[in-house]
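Coordinate inspection notes
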Amino acid sequence: MQHAQPPMTKYEQFLQQAQDQMLAFERRESEFRKREREERAAQLHLPISRDELH
């Protein structure tokens, strides 16, 4: 038997959407920073450790 969750209020929906958007932004920002580091290292001819990229 599954328990149904009560419907979300408008405020809860807003908070959920805001959280989803923040997580998506953080993922994009992380990928951007990773690419920037790789490009900078390539320009400076620096070796990049895989451990430093995470």
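For the structure, check the block above.
The sections below set out a description of the structure shown in this document. This is a predicted model, so every value here is computed, not measured.

A few words now on the overall build of the protein. On a plain count of helices and strands, the protein comes out with one helix and zero strands. Counting across all 54 residues of the protein, residues that qualify as buried make up 4%. In the structure as shown, the protein presents an accessible area of about 5600 Å², 55% of it carried by carbon and sulfur atoms.

Next up on the list: the pattern of salt bridges. As a working rule, side chains carrying opposite charge can pair if their charged atoms are close by. If you walk through the whole model with that rule in mind, you get one salt bridge. Notably, a salt bridge pairs Glu 29 with Arg 33, separated by 3.7 Å at the nearest N-O pair. In this pair, Glu 29 and Arg 33 are both assigned in helix α1 (residues 10-44), four residues apart and thus about one turn of the helix distant. On the accessibility criterion, Glu 29 (28% relative accessible area) is partly exposed.

A few words now on α1. With 35 residues, α1 should reach 51 Å at 1.5 Å per residue; the first-to-last C-alpha distance of 51 Å fits that figure. Remark: His 45 follows α1 within two positions and exhibits a positive phi of approximately 60°.

This brings us to a nonpolar patch on the surface. Residues Tyr 11, Phe 14 and Leu 15 make up a contiguous nonpolar surface patch of about 350 Å² in total accessible area. Mapped onto the elements, Tyr 11 comes out in helix α1. Given a relative accessible area of 54%, Tyr 11 falls into the exposed group.

Conventions used here
- Residues numbered from 1 in each chain as written.
- Predicted model: local features only at pLDDT ≥ 70, side-chain atom pairs only at ≥ 80, totals over all residues.
- Heavy atoms only, no water.
- Helix = DSSP H or I, 4+ residues; strand = E, 2+ residues; numbered from the N terminus.
- Buried < 20%, exposed > 50% of the residue type's maximum accessible area, 1.4 Å probe, protein only.
- Areas by Shrake-Rupley, 256 points an atom, 1.4 Å probe, with all protein chains shown as cover.
- Salt bridge = Lys/Arg side-chain N within 4 Å of Asp/Glu carboxyl O.
- Expected span 1.5 Å × (residues − 1).
- Patch = residues over 30% accessible without salt bridge, like charges linked within 9 Å, V, L, I, M, F, W, Y side chains within 5 Å.

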